[in-house]
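Observations on the three-dimensional arrangement
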Amino acid sequence: MHIHRLEKVWLAIGIAMLFVFLGVIGISAFALGTQPPSEHHHMIDPTKVKEIAPFDQPGIHQVGRKEYEAVIISFAFGYTTGPKEQPVMKVPAGSTVHFTVTSTDVVHGFEIPGTNVNMMLVPGEVSQVTHTFKEKGEYLILCNEYCGIAHEAMMTKIIVE
Ligand code: CUA
């Protein structure tokens, strides 16, 4: 009789644990479904990128003293870094640049060799990173995610003068 009662207790604990696990899974799924994976990402419609701010005005924008926002659209196989009249990004040495980047088609990369800037660009996600350019020079921006036949040629630059 005594053993029988213990079995019932263990059965009750087992069922309770099952509900706890189900609850945890449910809460996790709910959290993943309703929140972006990181506070540095938010979601946009990748087919309407050019209509959505700030991507409706790509390029370098001054936002403070020696502080800029660089709004960039990546696509197979290149980066839109400004309007046609001013396609090249230029900032003075010592500037802090906040890069805001997205992709209109497939997964691309965004790497500035020699810096800590290295992001994956996922269609529908807005990726952000900040870098201060202390030294003058031409900094290459490269795609480091294989994205198709012209992947190797997918690059742009920012000039620090
Ligand atoms: Cu874009 Cu590789």
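Residues numbered from 1 in each chain as written. Predicted model: local features only at pLDDT ≥ 70, side-chain atom pairs only at ≥ 80, totals over all residues. Heavy atoms only, no water.

An unreviewed UniProt entry lists the protein chain under the name Cytochrome aa3 subunit 2, with Paenibacillus nanensis as the source organism. Reading the Subcellular location (unreviewed entry) entry of the UniProt record for the protein chain gives the comment "Cell envelope". (UniProt positions renumbered as here; feature names shortened; annotations may be inferred.)

1. Side note on the UniProt feature "domain: Cytochrome oxidase subunit II copper A binding" (unreviewed entry) in the protein chain
Per the UniProt annotation, the sites labelled "domain: Cytochrome oxidase subunit II copper A binding" (unreviewed entry) are residues 65-161. Taken end to end, residues 65-161 is 0% helix and 55% strand, and its first and last C-alpha atoms sit 15 Å apart. (Helix = DSSP H or I, 4+ residues; strand = E, 2+ residues; numbered from the N terminus.)

2. Re the nonpolar core
Counting 24 residues, the largest nonpolar core has F99, F110 and I158 as its most contacted members. Broken down by secondary-structure element, the contributors of at least two residues to this core are strand 3 (67-75), strand 5 (89-91), strand 6 (95-103), strand 8 (118-121), strand 9 (125-133), strand 10 (137-142) and strand 11 (155-160). In this structure, F110 is in contact with I72, Y79, F99, V101, V117, N118, M119, L121, I141, L142 and N144, ignoring residues within four places of it in sequence. The next biggest cluster of nonpolar side chains, apart from the first, holds 6 residues, and it includes I44, V49, F55 and V71. (Core = buried A, V, L, I, M, F, W, Y, C linked by side-chain atoms within 4.5 Å. Buried < 20%, exposed > 50% of the residue type's maximum accessible area, 1.4 Å probe, protein only. Contact = heavy atoms within 4.5 Å.)

3. Focus: the environment of G82
With respect to the element layout, G82 can be found in the loop between strand 4 (78-80) and strand 5. Take G82: its relative accessible area is 11%, and that puts it in the buried class. Taking the C-alpha atoms as reference points, G82 and I60, 22 residues apart in sequence, are found 6.8 Å from one another. With residues near it in sequence (within four places) discarded, G82 still touches P58, G59 and P87.

4. Describing the side chain of T156
Position of T156 relative to the elements: it lies in strand 11. Residue T156 is classed as buried on the basis of its relative accessible area, which comes to 16%. Contacts of T156, omitting those with residues within four sequence positions, involve Y79, T81, Y139, L140 and I141.

5. Some remarks on unusual backbone geometry
Most peptide bonds take the trans form, and the phi angle of most residues other than glycine is negative. In this model, A53 is joined to P54 through a cis peptide bond whose omega is 0°. Here P54 lies in the loop between strand 1 (42-43) and strand 2 (59-64). A cis geometry characterises the amide bond from A76 onward to F77, with omega recorded as 10°. Topologically, F77 is positioned in the loop between strand 3 and strand 4. With a phi angle near 55°, K66 is a residue other than glycine that sits in the positive phi range. Here K66 lies in the loop between strand 2 and strand 3.

6. Some words on the confidence of the model for the protein chain
With 82% of its residues at a pLDDT of 70 or more, the protein chain shows a mean pLDDT of 88. Interface confidence for the predicted complex, given as ipTM, is 0.99, next to a pTM of 0.75. (pLDDT = per-residue confidence, 0-100.)

7. As for the pairing of strand 6
Looking down a regular strand, the side chains alternate between one sheet face and the other. Within strand 6, 8 of the 9 residues are buried, which leaves it mostly tucked inside the rest of the structure. Where strand 3 and strand 6 come together, 8 bridges link them in parallel fashion. Residue pairing for strand 6: A70 is matched across the bridge by F99. Two strands pair when backbone bridges link them, and strand 6 and strand 9 are joined in this way by 7 bridges, in the antiparallel orientation. If you follow T96 over to strand 9, its bridge partner there is T132. (Pairing = 2+ DSSP bridges.)

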